[in-house]
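Here is what each chain is made of, one letter per residue.
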Amino acid sequence: MRSQKINPKPLLVCSGGTSSRCAADGHWTLDLRKSCCQIHLDTSTKNVELGAGQTMAALLSELKRYGRSFPSGLSGLPGLGYILTGGISPLSRSQGLAIDQIVEIKGVWGNGESFVQSKPEASSSLKDQLSWRGLCGAAPFLAVITGLKLQTQPLKPLRIWQSKLPYEQLIDLIHQAETWPQSMSLQWIWGDAIHVYGVNILDDADGAASFKKLQETLPCNKLTKIDDVAGLHELPPFMLPTCSEAPPERFHSELVALLSYGLGDACHQLMGSLAELMAKRPDPRCYLAAQQLGGVSSQQKQDASSFIHRQAKWKPWITAAWPAGDSQIKALSLNWLEKVWATLEPYCEGVHLAQMHPHLPWHQRELKAAFGEWLPGLQELKACRDPYGILPPL
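All figures in this text were calculated on a predicted structure; none of them were measured in a lab.

How each quantity is defined
- What you see as residue numbers is a count from 1 along each chain, following the sequence as written.
- Selection of residues for local features in this predicted model requires a pLDDT of at least 70, selection of side-chain atom pairs for listing and counting requires 80 or more, and totals for whole chains, interfaces and linings are taken over all residues.
- Remark: hydrogens and water are excluded; side-chain values derive from all non-hydrogen atoms of the structure.
- Helix and strand definitions here come from DSSP, where helices need a minimum of 4 consecutive H or I residues and strands a minimum of 2 consecutive E residues; each element is numbered from the N-terminal end.
- For each residue, the accessible area found with a 1.4 Å probe, counting protein chains only, is set against the maximum for its type, and the residue is called buried under 20%, exposed over 50%, and partly exposed in between.
- Contacts are assigned to residue pairs with any non-hydrogen atoms lying within 4.5 Å of each other.
- For the area figures, the Shrake-Rupley method with a 1.4 Å probe applies, and any residue is considered shielded solely by the protein chains shown.
- We define a salt bridge as a side-chain nitrogen of Lys or Arg found within 4 Å of a carboxyl oxygen belonging to Asp or Glu.
- Put simply, two rings from Phe, Tyr or Trp (the six-membered ring, in Trp's case) pair if the centres are within 6.5 Å, and we call them stacked under 30 degrees between planes, edge-to-face over 60, tilted for the rest.
- In this scheme, the term charge over a ring applies when either NZ of a lysine or CZ of an arginine sits within 6 Å of the ring centre and within 35 degrees of the ring normal.
- Pairing between strands is defined by DSSP: at least two bridges between them are needed.
- Here an axis means a line fitted to C-alpha atoms, over the contact stretch when the element is a helix, while the angle between two N-to-C directions is reported on a 0 to 180 degree scale.
- In this analysis, the expected span of each helix is defined as 1.5 Å times one less than the number of residues it contains.
- The arc in question is formed by the directions pointing from the helix axis toward the C-beta atoms.
- Throughout this description, a polar contact denotes any pair of N or O atoms lying within 3.5 Å of each other; where both atoms belong to protein, one of them has to be capable of donating a hydrogen while the other can accept it, and for residues adjacent in sequence the pair is counted only when both atoms sit in side chains.
- We call two directions roughly parallel when the angle between them is under 35 degrees, roughly antiparallel when it is over 145, roughly perpendicular when it lies between 65 and 115, and oblique otherwise.
- Side-chain classes follow a simple rule in which Ala, Val, Leu, Ile, Met, Phe, Trp, Tyr, Cys and Pro form the nonpolar group, Asp, Glu, Lys and Arg form the charged group, and the remainder, Gly included, forms the polar group.

A. Expanded view of the overall build of the protein. Counting secondary structure elements, the protein contains 10 helices and 17 strands. A buried classification covers 52% of the 394 residues belonging to the protein. Considering only contacts within the protein whose residues lie at least 6 apart along the sequence, 71% involve residues at least 24 apart. Working note: accessible area of the protein is about 17,900 Å², and carbon and sulfur atoms make up 50% of it.

B. Quick look at the pattern of salt bridges. Evaluated as defined, the whole model comprises 9 salt bridges. Among the ionic pairs, Glu-62 bridges to Arg-65, the shortest N-O distance being 2.8 Å. Judged by its relative accessible area of 57%, Arg-65 falls in the exposed class. Ionic pairing is found between Arg-159 and Asp-228, a salt bridge with its closest N-O pair at 2.7 Å.

C. Fine view of the packing of aromatic side chains. Under the defined criterion, the tally for this structure stands at 8 aromatic pairs. Where Trp-161 meets Phe-211, the ring centres are 6.4 Å apart and the plane angle is 45°; that geometry is what we call tilted. Highlighted residues: Trp-161 in strand S10 (residues 158–165) and Phe-211 in helix H6 (residues 205–216), separated in sequence by 50 residues. An identical accessibility class is assigned to Trp-161 and Phe-211; each is buried. These aromatic residues form a ring-pair network of at least three members: Trp-161, Trp-180 and Phe-211. One residue, Arg-133, lies across the ring of Trp-374, its end atom 4.0 Å from the ring centre. Here Arg-385 stacks its cationic end above the ring of Trp-109, 4.2 Å away from the centre of that ring.

D. Molecular detail of the sheet that holds strand S8 (residues 143–151). Strands sit in the order S3-S4-S8-S6-S7 across an open sheet of 5 strands; the sheet is antiparallel. With one partner strand each, in any of the chains shown, strand S3 (39–41) and strand S7 (114–118) form the two edges of the open sheet. Here the strands of the sheet are splayed against their neighbours by 15° on average, with no regard to which way each runs. Bridge count between strand S6 (residues 102–109) and S7: 5 bridges; the pairing is antiparallel. Across the sheet, residue Gly-107 finds its bridge partner in S7, namely Phe-115. Helix-sheet contacts for helix H4 (residues 126–138) involve S6, S7 and S8, and the interaxial angle to S6 is about 90°.

E. Examining the pairing of S10 more closely. Within S10, 6 of the 8 residues are buried, which leaves the element mostly enclosed by the surrounding structure. Relative to strand S12 (residues 194–201), S10 is paired through 8 bridges, and the arrangement is antiparallel. The residue of S12 that forms the bridge with Leu-158 is Ile-201.

F. Expanded view of H6. With 12 residues, H6 extends 17 Å between its outermost C-alpha atoms, agreeing within 8% with the 16 Å of an ideal straight helix rising 1.5 Å per residue. Those residues of H6 not exposed but buried are Gly-207, Ser-210, Phe-211 and Leu-214. One face of H6 carries all of its buried residues, which in axial projection span an arc of 100°. Seen from the buried face of H6, the exposed residues on the opposite side, beyond 90 degrees, are Ala-205, Lys-212 and Glu-216. Capping the start of H6 is the job of one residue whose side-chain oxygen sits 3.2 Å from the backbone nitrogen of Asp-206: Asp-204.

G. Focus on the packing of helix H7 (residues 267–278) against helix H8 (residues 327–344). With their axes 10 Å apart at the nearest point, H7 and H8 run at an angle of 175° to one another. On the basis of the axis angle, H7 is roughly antiparallel to H8. Between H7 and H8, the contacting residues are Leu-270, Ser-273, Leu-274, Leu-277 and Met-278 on the first element and Trp-336, Lys-339, Val-340, Thr-343 and Leu-344 on the second. In the contact of H7 with H8, the residues fall into 7 nonpolar, 2 polar and 1 charged.

Pasting the structure below:
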């Protein structure tokens with residue numbers, strides 16, 4: 001007679017719009033996109049309840065109806081995974097990380113126990129404080145999250161400016177950006193060329209003065225496009241420009257995100273080495289990009305969450321890409337990624353686990369760089385909350 005027992009298997013979760021690995025041989029896939037779709041703003045508290053099946057674009061679209069917003073990232077496609085792994089936004093310097101906005105978490109631990117946990121107070125038990133710390137920044141290893149309650153922010157008009165620069169001018173711009181007020185942030189993406197992308201809060205006087213200085217100095221004749229928008233929901237796409245050499249067929253990719261406490265002093269030596277590697281990309285869809293951090297995001301206590309690198313000023317990330325099914329280009333692209341990583345690593349103190357790689361050989365290396373001295377405590381928490389290893393390994 002066939003046994004009714006279901007043997008535990010590793011579980012992959014599909015939610016939002018950019019789940020990087022939600023299906024694999026020997027794994028279950030749990031798709032939350034249809035069953036967890038709530039978005040509800042409490043107009044008295046200004047907190048919003050968000051289901052795991054929703055995207056950041058849907059959240060911003062709903063919040064704008066009430067004059068509210070949320071520090072989402074450079075794309076509207078991600079869902080709760082963006083928030084639960086830290087959540088770095090063009091507005092993180094003025095509003096903090098996405099995990100800093102969480103006030104309540106709903107889900108099911110890896111051991112099958114459902115929970116609703118509110119943000120702990122100073123008087124809360126150590127157990128609750130440790131559980132909260134684990135969930136904020138490392139939730140995918142511990143639980144399946146079905147919904148969050150989040151603080152929202154007033155909707156603020158933004159000035160978006162874009163440019164295209166040689167790497168020598170990017171060096172000067174990075175130096176300048178590290179002195180900017182919290183109302184400004186710099187993003188850049190490097191493929192065939194370097195495209196820079198700045199975000200300013202329009203009603204901030206210090207930011208306006210810094211932007212005027214930017215126009216007068218570097219790169220004075222290079223601000224090719226300036227747009228004023230109503231808020232993050234109108235953010236233009238931040239992506240590698242379409243390359244005519246890139247074949248149109250389906251492709252796969254992997255990325256590694258690093259965290260640096262400051263790139264300015266290292267830029268001259270670093271950028272020359274990176275330029276050599278960028279000229280040797282095995283696929284035109286391989287690229288290097290970065291987001292600026294600091295400001296309010298650095299003011300939270302290191303032990304308040306699993307995002308321990310609170311002093312980080314930059315998040316550079318490396319994307320390797322290859323045509324689907326092309327094992328040769330895949331190997332070359334991943335090897336290229338590791339070379340770029342090795343070049344950046346001396347200047348980067350940590351890793352941001354925006355994407356997890358238990359299927360790749362550098363998974364343990366990423367874990368140690370992401371969680372540091374907190375990793376043993378996180379592993380103890382996982383042993384309690386996910387004893388059968390249903391969720392990604394730590």
